[in-house]
Structures are given as structure tokens and as C-alpha cells.
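# Structural characterization, general
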Amino acid sequence: MSASTGAGGVQEALAALPLVDHHCHGVVTADLDRTGFESLLTEGEVWPGSGISPFDSPVGVAVRRHCSPVLDLPRHAPAEAYLDRRAELGAAEVNRRFLGACGTAVFCVDTGFAPEPGTTPRELAGAAGGGAVAYEVVRLERVAEAVAAGGVEPGEYGAAFRAAAQDAVRRPGVVAVKSVAAYRTGFDLDPARPSPEEVTRAAAGWLARADDRLDDPVLVRHLLWTAVDLGLPLQLHTGFGDGDIRLHRADPVLLTDWLHLTAGTVPVLLLHCWPYQRQAAYLAAVFERVYLDVGLTLHHVGPARARAVLAEALEITPFRKLLYSSDAYGVAEFHHLGAVAFRQGLAGLLRERVDADELSPADALRIAHWAGRDNARRVYGFTDLSDLDDPADPTISLPPTSPVEHH
Amino acid sequence: MSASTGAGGVQEALAALPLVDHHCHGVVTADLDRTGFESLLTEGEVWPGSGISPFDSPVGVAVRRHCSPVLDLPRHAPAEAYLDRRAELGAAEVNRRFLGACGTAVFCVDTGFAPEPGTTPRELAGAAGGGAVAYEVVRLERVAEAVAAGGVEPGEYGAAFRAAAQDAVRRPGVVAVKSVAAYRTGFDLDPARPSPEEVTRAAAGWLARADDRLDDPVLVRHLLWTAVDLGLPLQLHTGFGDGDIRLHRADPVLLTDWLHLTAGTVPVLLLHCWPYQRQAAYLAAVFERVYLDVGLTLHHVGPARARAVLAEALEITPFRKLLYSSDAYGVAEFHHLGAVAFRQGLAGLLRERVDADELSPADALRIAHWAGRDNARRVYGFTDLSDLDDPADPTISLPPTSPVEHH
Amino acid sequence: MSASTGAGGVQEALAALPLVDHHCHGVVTADLDRTGFESLLTEGEVWPGSGISPFDSPVGVAVRRHCSPVLDLPRHAPAEAYLDRRAELGAAEVNRRFLGACGTAVFCVDTGFAPEPGTTPRELAGAAGGGAVAYEVVRLERVAEAVAAGGVEPGEYGAAFRAAAQDAVRRPGVVAVKSVAAYRTGFDLDPARPSPEEVTRAAAGWLARADDRLDDPVLVRHLLWTAVDLGLPLQLHTGFGDGDIRLHRADPVLLTDWLHLTAGTVPVLLLHCWPYQRQAAYLAAVFERVYLDVGLTLHHVGPARARAVLAEALEITPFRKLLYSSDAYGVAEFHHLGAVAFRQGLAGLLRERVDADELSPADALRIAHWAGRDNARRVYGFTDLSDLDDPADPTISLPPTSPVEHH
């Protein structure tokens with residue numbers, strides 16, 4: 001490839017690349033009224049009577065710009081027109097359009113936080129069409145809370161949770177586990193594996209409470225160490241999220257001691273990261289099994305800032321360590337918008353470097369393919385992705401699985 | 001408006017927009033010698049004999065670039081020439097020129113930290129001319145320290161401070177209160193309202209000390225909760241400031257627990273924020289009543305970087321949550337430079353997005369008006385700003401007031 | 001100089017400026033195999049069998065782009081070709097080429113962390129040729145650890161360390177001391193000088209351990225205060241480093257209390273800083289004797305992002321407070337790449353501001369000379385740099401010294 005075609009080449013390549021969205025959620029299958037749609041647009045709440053609509057935010061502007069054409073509306077359509085057209089088409093058609101438009105070939109779906117009524121992973125991939133497949137990510141806090149809800153003695157909790165988690169990840173199509181420890185305690189935890197006695201004592205306290213939300217620091221540590229034992233890649237929410245987060249406790253560098261203690265075990269995938277994407281990049285640079293994405297952030301900042309955020313995330317991140325995720329939840333607009341922001345943001349960044357002769361066109365293409373698809377394939381062992389440029393690219397050693405819709 | 005005129009449109013619109021500067025201070029009314037002027041240029045100290053002048057810093061370069069022409073000097077005039085011309089014109093004329101040039105229609109003046117001899121809020125607005133008006137912001141630490149200085153028993157301190165604060169905000173023209181808790185203890189405080197017994201005990205300790213600086217953690221918490229009871233918008237210093245700050249303790253996300261506990265009460269306006277503007281944006285995105293600005297930062301980084309800082313601040317901030325402030329203090333150059341940096345920085349950012357078709361020209365104009373004027377109008381209830389484009393834009397429910405110069 | 005030549009002028013001036021690299025290390029004098037070279041490319045480890053090469057990272061791309069031509073290879077040469085050519089030329093020739101190409105006139109070499117077999121400071125400057133000189137920076141943890149290894153009673157440790165440090169800095173060519181407290185305890189320490197009794201007690205504990213790594217918090221504080229007593233500039237590792245760092249504990253603002261307590265003493269030079277360059281800038285803006293650089297970061301992010309990092313570092317940093325360092329270690333590529341990234345990044349930033357008329361061409365030139373050479377000259381008292389534009393520029397008051405190769 002010549003240098004002159006190279007710069008355009010990376011943009012076209014990224015626009016056409018079937019993405020692996022390694023962390024997302026299902027979409028609502030019912031029609032949404034204005035409040036219902038707006039409540040899914042924001043990580044905050046809808047604020048009735050405030051005069052402030054989630055449409056009047058970067059993500060709202062990006063939806064009106066990039067999602068309107070998918071619904072046959074002009075770019076920047078007004079919010080009312082957008083909602084009217086959405087209602088007119090109906091949820092099924094809207095979902096089909098956005099999930100088809102996003103060009104995602106593989107969806108890894110966190111089933112521990114799903115809209116009601118919403119798509120199963122299989123339904124999500126089916127709505128995307130074009131042979132898209134879905135895998136499942138098991139949210140471990142949900143497993144633990146189900147164990148508690150089912151009734152368990154404190155002294156049996158540790159073993160019961162482990163057994164339930166092992167059962168959960170043996171289900172067909174499961175490729176990873178996830179923890180929202182960031183929400184429950186944050187990462188400034190004692191990094192050591194708790195002893196069985198500590199777990200029993202903590203479980204006694206937790207199970208005695210009416211609240212079923214797992215937020216005991218000892219049990220959160222136990223959950224993270226159980227994740228290590230399961231042997232699957234571990235996705236960790238870090239940084240940006242809804243109003244329940246304490247952002248400074250979700251800074252991924254707080255995990256450093258724990259990463260040292262668990263060296264040589266499972267891949268750890270830092271999700272979202274913003275505004276700590278540089279801190280996440282540091283961890284990805286010095287720990288062999290740490291990876292990162294800037295999912296969730298991509299659609300919230302929109303294509304207007306996705307490149308800037310990616311540029312920070314990539315300052316020192318090894319190019320085999322950046323993955324794509326949308327973290328889309330509830331509305332299929334976000335599966336689309338995340339993909340648009342990722343493709344445009346990364347292409348703009350790589351193209352600029354090729355234009356400045358800081359990067360060769362061939363390297364730009366390789367980085368684009370790695371970040372959009374092949375890095376995830378290696379981490380999750382998607383050996384069935386047979387259309388790869390480089391079929392010899394080794395996956396890291398993990399138990400093989402098949403997508404959920406094959407079952 | 002057509003797209004082609006739109007991009008230029010937002011620049012012109014922002015250049016012409018009468019701003020609401022929702023947080024600033026008065027200016028010195030005496031002539032300043034070189035040391036006096038330099039000491040007001042920097043958030044540090046003047047370092048005599050160091051060979052380092054505050055002119056040799058981004059703010060110094062920006063003053064020489066943007067303020068020289070207002071004093072009839074060529075752009076980038078040398079520091080000596082600038083100081084000579086300033087002395088030649090005299091303080092009153094210099095103040096009149098900059099306050100007139102800044103195009104600010106409303107000044108909200110923190111009267112708890114004012115230069116001596118300096119302008120009153122009415123004098124500040126008077127020097128600006130053109131019908132500019134001023135309101136007052138009451139700094140609560142000053143009220144508390146006056147109560148202590150006036151003599152009070154520990155057991156009466158809580159009630160006496162509350163009564164004094166209520167009196168202070170009843171004065172005509174008062175539209176907000178402010179706290180510098182960031183300087184005194186930082187925000188890593190127990191978020192709960194202290195009990196009367198705790199307040200009495202803490203007051204006994206504080207009043208027994210010779211130092212009259214309110215820095216007891218219990219009394220700072222009491223002050224913040226008293227602010228909530230007063231019912232007025234609460235301005236909070238966060239992030240960047242002088243050498244007394246501990247920057248990491250002024251990260252606004254440390255307020256998260258307190259913001260949860262005080263949900264549904266007064267608007268909270270995060271001032272300055274840098275370098276934690278993304279953290280502030282997160283809070284503005286998930287808490288209905290949290291707002292932010294990047295005042296103080298704007299003139300210190302200058303127009304050369306104002307756009308970059310605003311771009312980070314706006315990554316996820318709802319567009320009705322960004323306000324303008326200069327936080328200018330002492331020299332009227334900063335009232336002007338803050339306005340120039342804000343207008344140019346925001347216009348550059350919006351124009352780039354319009355040019356990239358990421359934003360419609362109409363949306364760009366709306367965002368410009370909101371950030372420069374209308375968001376402040378809503379928060380502070382400036383119903384007397386009758387020249388609004390959208391007079392139907394509701395203000396949030398607050399007691400009405402009138403500017404201080406009407407009295 | 002006219003404005004039109006000015007913008008180009010700063011680029012040419014920076015390209016030609018003999019730099020003072022105020023913090024770097026020696027280079028390996030032996031030939032390196034692939035693993036040996038790759039292990040020096042990354043702040044992490046080499047991960048054999050992972051399929052991830054340090055070449056597939058921003059620093060690897062930058063080496064292939066900017067270092068290949070120095071070895072007579074085309075830009076963006078493949079890693080294999082690069083390693084082959086490197087082996088073909090041999091270590092001595094490779095080192096000679098890069099150290100000559102970097103255009104550094106003065107190397108300040110941290111001799112407390114040096115490759116084996118590696119260059120002495122004198123050898124490093126000799127390989128650079130062209131009259132380059134080297135000075136030495138004494139790493140105080142090494143001095144303390146040598147005292148412990150030599151055998152000392154706990155009650156004598158304090159005095160013995162002080163005496164050994166005084167001896168070390170009396171060696172010819174020593175211009176500064178350095179601490180890696182960031183690695184050992186981080187900066188969230190009690191800022192006060194420990195009492196002799198505390199030092200004795202802590203020394204008893206440390207000396208009784210088999211481990212000779214100085215990481216006792218009391219002894220680290222004692223080391224920092226001893227550094228103050230030595231009277232030489234103190235370099236402090238902050239922020240980015242290898243996997244041993246806890247990044248959040250290396251945020252330089254955690255030093256604020258200590259900087260207040262040690263006001264008026266030695267210059268403190270914050271090294272690296274990333275991703276806390278804005279926090280470092282705050283300290284440089286408010287503390288007279290605080291300086292900063294973004295060394296190490298420059299070559300890891302490469303010229304593609306050096307400008308963005310410098311732009312953040314310079315948002316509020318006084319222009320006499322930014323220094324250049326490479327923090328190159330082991331491979332001479334980094335002495336070259338750090339210089340390229342600094343020259344191009346700073347020139348790009350300054351040129352953009354001149355083009356936007358935010359900075360005069362003369363000011364741009366002055367800032368370039370200050371940051372690349374003259375600020376270091378002032379701090380370290382390099383009065384023998386007789387080719388200065390402004391020989392009247394005063395150095396700060398420090399004992400005079402001569403470069404190590406004069407002895």
C-alpha cells in the first residue's frame with residue numbers, strides 16, 4: 001500500500017471492519033415514551049420539571065446527529081421529531097436498524113444488568129443480522145446475590161458462591177466474568193485473598209442484613225479472588241458510571257497491589273476507564289494481562305471527542321491491549337453510536353499520524369484491526385472468527401467456547 | 001440560518017453576548033507598582049531576586065497579548081511598557097477600560113475576599129458602564145469568623161452562625177453563598193450533618209484557639225449544611241487556587257456522598273475545577289443540581305488553552321450545566337481576559353464541531369447563549385434580564401432579588 | 001525578527017539548540033539480543049509467549065520511525081530489520097550515532113541506576129562527542145543502602161547516612177541529588193522531619209530485615225530532609241515509572257505539605273510527572289523553587305503525543321520552570337527520541353501559538369531556549385556554558401562545580 005492511499009485506507013478499513021463489542025448489554029424490546037427514552041440516554045436521572053433534557057447534552061446531540069439518518073431523518077433532527085419517528089417505526093424495527101448499522105460481528109453481553117423487557121444475547125445478535133453472534137458475560141455480584149437470596153449459612157457461603165459461579169460459567173456461550181466492585185466498595189481494598197474465617201464472618205454480617213446488595217469489602221475481595229480461580233477473562237468496571245459510583249475509588253491504579261498478587265493468572269479487562277484512561281494505560285503497559293477499553297465514554301462524549309479520549313488512552317498503551325466495547329445498554333442507538341465514535345475517533349487519530357509520517361500506513365491498518373477485532377479475539381479465544389487477515393495470530397490459552405446462539 | 005453562516009455565527013454571537021460572570025471579585029482602586037501588579041498576576045507569591053517574573057508565564061503572555069491593545073499599546077507589548085502605560089492612565093481609567101471591554105452585563109461578586117482599597121460590587125458594575133449590574137455572593141467562612149470574633153459561647157455558636165448567615169443573605173442583592181471548604185479541610189469529610197453536641201464541642205476547641213481561621217472539620221461540615229438550609233445557590237471553590245490549597249483534597253468528586261445526602265436541595269456550583277474538570281463534569285451529569293465553570297483557569301491558561309480545557313469540561317457536561325465565571329480578583333485585566341478566553345475558547349470549540357457537522361449551527365448558538373448567560377440566569381433567578389432570546393425559559397425556583405446598585 | 005519568519009524560527013531554533021538533559025542514565029555497552037533490547041524498550045516486562053512485543057507500542061513505533069534513519073534504515077523499518085542492523089553496527093557505533101544525533105550538550109546522569117555493562121557519565125558524554133559534558137546526580141537511596149550494607153548501628157544510622165551523602169555530593173561533577181521516594185513509600189507521608197529517636201527506632205527495624213531496600217516511611221522522610229540539608233537541587237521521581245510504582249501515591253501534589261515546610265530551601269525538580277503534569281504545574285506555579293519536566297513520558301508517548309503532554313504541562317507552568325530531560329536508560333535510542341520529541345513537541349506548540357498570534361516570535365524563542373537549556377543552567381549553576389544568548393542571565397545561588405570529564 002502506498003503512503004498516499006494509506007491514510008484514507010485506515011478510515012475505510014475501520015468503517016468496514018466487523019467489530020467485536022466485548023462488553024455491552026441488551027436493548028429494550030418495548031416502545032419507549034419520552035421519559036423512558038431520556039432515562040436511558042443519561043447516566044444520571046431524568047429530572048422532571050428541571051427544564052433540562054438529556055437531549056441537551058453531548059450524547060443527545062450525538063444521537064440527533066448520527067442516529068437520525070438511520071431512522072430516515074435529516075441529521076440533527078429535533079428531539080421531538082426523533083422521538084416521534086422512533087415511536088412510528090416501533091422498537092423492533094428501531095433495534096433492527098441500529099444493530100444492523102453498527103457493523104458489529106460479535107456481541108459479548110453482560111446479562112447481569114439487563115433492561116426489562118429486553119433482548120437476550122441471542123435476540124440481540126439476531127436483530128443485528130448478517131451472521132452476528134453473541135457471547136455471554138456473567139456478572140459475579142448477581143451470582144453471589146442469588147446465592148444469598150436462595151438461603152445459605154454463613155459458613156457455607158464461600159463454597160456455595162464458588163460452586164454457583166462455576167456452574168454459571170459452564171453455561172454454553174459464556175466467555176468472561178465481570179465485577180462491579182467499583183460500585184460496591186471501590187478498589188482501595190486490602191488486596192489479599194481473605195481467609196475462609198474472614199469470609200464466614202463477613203457473610204454472617206451481610207446475610208443478616210435485609211439488603212441483598214453485595215457491598216461487604218471482604219466479600220467483594222472474595223469475589224475478585226474467586227474470579228481469578230474461574231480462569232476466564234475478568235472484566236472490571238472502572239471509572240465513569242452512574243450516580244452510584246464514587247469516581248475516585250474507581251480509579252484503576254488502586255488495583256495495582258491486587259494485580260501484583262494475581263500476576264500470571266486471568267486477563268483483566270478494564271472497562272470505560274474515563275477519566276482515568278491514562279492510569280489504565282499505565283497498568284496495560286506494565287502488566288502483561290491487563291487490557292482496557294473506553295466503552296460507555298465513547299457514546300457519551302460522542303464522535304466529537306472520542307478521538308481525544310482515545311488519544312489519551314493510547315499514549316502508552318501497547319497496541320495489543322486496547323479493545324472496543326460500546327457498553328451500550330437499553331437503546332440500540334448506543335450500540336451504533338459507540339461503533340461510530342470508535343471507528344471515526346480511531347481512524348482520525350491514526351490518519352493524523354500517518355499524515356504526519358509518525359506511523360506507516362501498514363501499521364495504522366494493523367492497529368485498527370487489532371483494536372477493533374483481533375485483540376478481543378485473542379483474549380476471548382474466538383477461534384471461530386475465520387475471516388481474519390492473520391489466521392496464525394495466536395489466541396491466548398483459554399477454554400474454547402461457542403456463541404450462545406448456536407445452542 | 002445556513003450551515004455556512006452558522007460557524008462564523010457562533011463566533012460573532014459569543015463575541016457580542018452580554019455575559020453573566022457568576023463569580024468574581026472586586027478590583028484594586030489604587031495605582032499599583034510593579035510588585036503590586038505582579039503579585040496579583042500569580043496564584044503564587046512574587047519571588048524577589050529569583051529572576052522569575054509572573055509576566056514570564058502563560059497568564060503574563062496572555063495579558064501582554066490581549067490587554068495591551070485596550071491600553072492603546074501594540075499586542076505583546078513588553079512588561080515594562082505595559083506597566084508604564086498602566087501607571088500613566090491611572091487605576092480608575094484602567095479599570096474602566098477593561099471592565100467596559102469585557103462585555104459583562106452581570107457581575108456576581110464574592111465580597112468575602114476583596115482587595116484593599118477595592119471596588120464595591122456597585123462600583124465594579126459602575127466602572128463597567130453600559131447598564132451592567134452587580135449582585136453579591138456571601139462567603140460563609142467570613143460570616144462564621146465574624147461571629148467568632150464578636151464573641152460567642154461554644155454552645156451558642158451553631159445558632160449564632162445560622163442567624164448571622166440568614167441576616168447576611170437577606171441583604172439586598174445577595175444571590176448566592178460561597179464556601180472555601182476546599183481550602184480549609186478539603187472535601188474528604190464525613191458527609192453527615194453534625195449534631196448540635198458535635199458543633200458545640202468543635203466550637204469550644206476552635207474558639208479557644210487564638211487563630212480565627214475556620215478550619216475545624218466539624219464546623220466546616222456544619223457550615224456546608226447551614227448553606228443548604230439557607231436555600232440559595234451554593235458556590236464551592238474546587239481545584240486550582242493559591243498555595244494554600246491541597247489540590248487532591250479539592251477534587252470535587254470527594255463531595256459525592258455529601259451530594260447524595262443533600263439531594264433535592266440547593267444548586268451547587270463547582271467553581272474553577274481544573275485539573276478536575278472531568279470529575280466535575282461527571283457530577284454535573286449525574287446530579288440534577290450540580291453546575292460547573294472553569295473560571296480562574298480561563299485567564300491563567302489564556303486563550304491559547306481555554307478551548308482545550310473547555311473541551312474536557314464539556315465532554316459529558318449537560319449543556320445547561322456549564323456557566324461562565326472569571327473569578328477575576330484585584331486587576332480588571334482578568335475580568336477582560338477571562339471573558340476573552342471564554343468567548344474565543346467556546347466559539348472555537350463550537351465552530352469546529354459545526355464545521356465537522358457534529359453540531360448544527362442552531363444548537364451551537366443555543367449552547368453559546370446558555371453557557372455565557374442563560375444558565376446563570378436560571379440558577380440565580382435573574383428575571384430582570386429582559387433582553388433574553390427566550391423569555392419563556394423558566395428560572396429554577398428561588399427567592400427573587402434585585403441587583404445591589406438599585407439600592 | 002518578523003512574525004512570518006518567527007513561526008518557522010522557533011522550529012529551527014529548537015532543532016539547533018544544544019540541550020541540557022538534566023536527568024538521564026547511562027547506556028548498555030554490550031550488544032543486545034532481541035529480548036535484551038525489548039526489555040529496555042518497555043517500562044513493563046518482556047512477556048515471552050504472549051505474542052505481544054514492546055515494538056507494538058507507541059514507543060516501538062516511534063523508535064522505528066525516528067531511530068531507523070540514524071542507522072541508515074528507511075523510516076518505519078520492521079523490528080527485525082532494525083534489530084539486525086543494530087547488531088551489525090555494534091553497540092559502540094549505535095551509541096555513538098544516537099548520542100551524537102540527539103544534540104545534547106550537557107548530560108546530568110543519575111548514577112544510582114545504571115545498566116551493566118554500561119557507560120560512566122564521562123563515557124556517555126564522550127560518545128556524544130562535540131564537546132558534550134556530563135555531570136552526576138547522586139541517588140540518595142543508594143547511599144543509604146550502602147551505609148546499611150556496610151554495617152551500622154541503628155543509633156548511628158542517621159549521622160552515618162548524612163556523612164555518606166555529604167561525601168557523595170562532594171565528588172567532582174555532582175550537581176544534584178535524587179530520590180525515588182515515589183517508589184518506596186509514595187508521597188502521602190508525614191511531612192515533618194523525623195526526630196533522631198524516630199530515626200533510630202526505624203533504622204533498627206530496617207537493619208534487622210534481610211531486605212536492603214530502603215522503604216521505611218520514617219527513613220524515607222529522613223532521606224528527604226537530609227536532601228534539603230545538602231543544599232543541592234533535589235530531583236524527585238513523580239508519576240510514570242515501571243510496575244513497582246503505585247501511580248496514585250506518586251502524584252506530586254501529595255508533596256504540598258512538605259513543600260510548605262521546606263520553603264526557601266533547595267530547588268525541587270519534579271521528574272516525569274505524567275499523568276499528573278497539571279498537578280506538577282500547579283506546584284511549579286505556586287512554589288518558588290519547584291520545577292518540572294515530562295521526561296520518560298516524551299519517548300514513551302513519542303513525538304505523536306509529546307506536544308499534547310507538553311501543552312498540558314505548560315498550561316500554568318511559569319516558563320522558567322519547565323526543564324528538558326530524557327530519562328533515557330539503557331538504549332541510546334531514548335536519548336535521541338526524547339530530544340526529538342521535546343524539540344518537535346515544544347516547537348509545534350509554540351509555533352501554533354505564534355501562528356494564532358497568541359505569542360510573539362521573540363517570546364517563543366525565549367521560551368524555547370529557557371526550557372531546552374537555560375532553565376537547567378540556572379538551577380544547576382552551569383556557569384561554564386559560555387555560549388549563551390544572554391550571559392547576564394543570573395544562575396540561582398549554588399556551589400559551583402565542573403563536569404565530571406574534566407577530572
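These numbers come from a predicted model, not from an experiment. (Residues numbered from 1 in each chain as written. Chains lettered and ligands numbered in written order. Predicted model: local features only at pLDDT ≥ 70, side-chain atom pairs only at ≥ 80, totals over all residues. Heavy atoms only, no water.)

## Points about the domain arrangement of chain A
All names here are of chain A. Each domain of chain A was delimited in the assignment, giving domain 1 (7-31 + 90-388) and domain 2 (32-46 + 53-89). With 31 residues of domain 1 at the interface, the matching set in domain 2 holds 22 residues. The contact between domain 1 and domain 2 buries some 1900 Å² in all, and 65% of this surface belongs to carbon and sulfur atoms. Of all residues in domain 1, Arg-97, His-300 and Glu-333 bury the most surface against domain 2, accounting for 26% of the area lost on that side. There are two salt bridges connecting domain 1 and domain 2. The shortest N-O distance in the salt bridge between Asp-72 and Arg-97 comes to 2.7 Å. (Domains from an automatic or database assignment. Contact = heavy atoms within 4.5 Å. Buried area = accessible area lost by both parts, 1.4 Å probe. Salt bridge = Lys/Arg side-chain N within 4 Å of Asp/Glu carboxyl O.)

## Some details on the sheet that holds strand 7 (residues 290-292) of chain B
One key point about sheets: their strands pair by backbone hydrogen bonds, in either a parallel or an antiparallel sense. Residue and element names in this part refer to chain B. One open sheet holds the seven strands; their spatial order is 1-2-3-4-5-6-7, and the pairing between them is parallel. In this open sheet, the two edge strands, each paired with only one partner strand, are strand 1 (19-24) and strand 7. Neighbour-to-neighbour, the strand axes of the sheet open up by a mean angle of 25°, direction not taken into account. With four bridges connecting them, strand 3 (residues 133-139) and strand 4 (residues 174-179) associate as parallel partners. Among the inter-strand pairings, Glu-136 is bridged to a residue of strand 4, identified as Val-174. Taken strand by strand, helix 7 (residues 140-149) contacts strand 3 and strand 4, and its axis lies near 55° from that of strand 3. Of the strands in this sheet, strand 6 (268-272) and strand 7 are in contact with helix 13 (residues 277-286), which crosses strand 7 at around 145°. (Pairing = 2+ DSSP bridges. Helix = DSSP H or I, 4+ residues; strand = E, 2+ residues; numbered from the N terminus. Axes fitted to C-alpha atoms, helices over the stretch in contact; angles between N-to-C directions.)

## Quick look at the interface of chain A and chain B
Facing 39 residues of chain A, the contacting portion of chain B comprises 32 residues. Here chain A meets chain B over a buried area of about 3000 Å², counting both sides, of which 57% is carbon and sulfur. Per-residue buried area on chain A facing chain B is highest for Trp47(A), Trp274(A) and Arg305(A); these three make up 20% of the total on that side. Connecting chain A to chain B are seven salt bridges. Salt-bridge contacts for Asp257(B) lead to Arg249(A); the nearest nitrogen and oxygen are separated by 4.0 Å. Between the two partners, chain A and chain B, sit 14 residue pairs in polar contact (both at pLDDT 80 or more). When contributions to the side of chain A that touches chain B are tallied by element, the ones reaching two or more residues are helix 3 (58-66), helix 14 (297-301) and helix 15 (303-313) of chain A. Here the side of chain A that touches chain B is built from residues that sort into 14 nonpolar, 13 polar and 12 charged. (Polar contact = N/O pair within 3.5 Å; in protein donor to acceptor, adjacent residues only side chain to side chain. Nonpolar A, V, L, I, M, F, W, Y, C, P; charged D, E, K, R; others polar.)

## Overview of the relation of the copies chain A and chain B
For the pair chain A and chain B, the best superposition has an RMSD of 0.0 Å and corresponds to a rotation of 120° with a translation of 0.0 Å parallel to the axis. The relationship between the two copies is best expressed as a three-fold rotation axis. An asymmetric contact is evident, with only 3% of the interface residues of chain A recurring at the interface of chain B. (Least-squares fit on C-alpha atoms with pLDDT ≥ 70 in both.)

## Observations concerning the layout of surface pockets
Considered as a void within the structure, the largest pocket measures approximately 1900 Å³ in volume. Forming the boundary of the largest pocket are 48 residues, of which Glu352(A), Glu352(B), Arg305(C), Arg307(C) and Glu352(C) lie nearest the centre. At the level of elements, helix 15 and helix 16 (332-355) of chain A, helix 15 (303-313) and helix 16 (332-355) of chain B together with helix 15 (303-313) and helix 16 (332-355) of chain C are the ones that each hand at least two residues to the lining of the largest pocket. Tallied by class, the residues present in the lining of the largest pocket amount to 18 nonpolar, 11 polar and 19 charged. (1 Å grid on protein atoms, 1.4 Å probe; cavity = no way out; pocket = protein on both sides within 12 Å on 5 of 7 lines; lining within 4 Å. Points joined across faces, edges and corners; volume = space filled by probe spheres on them.)

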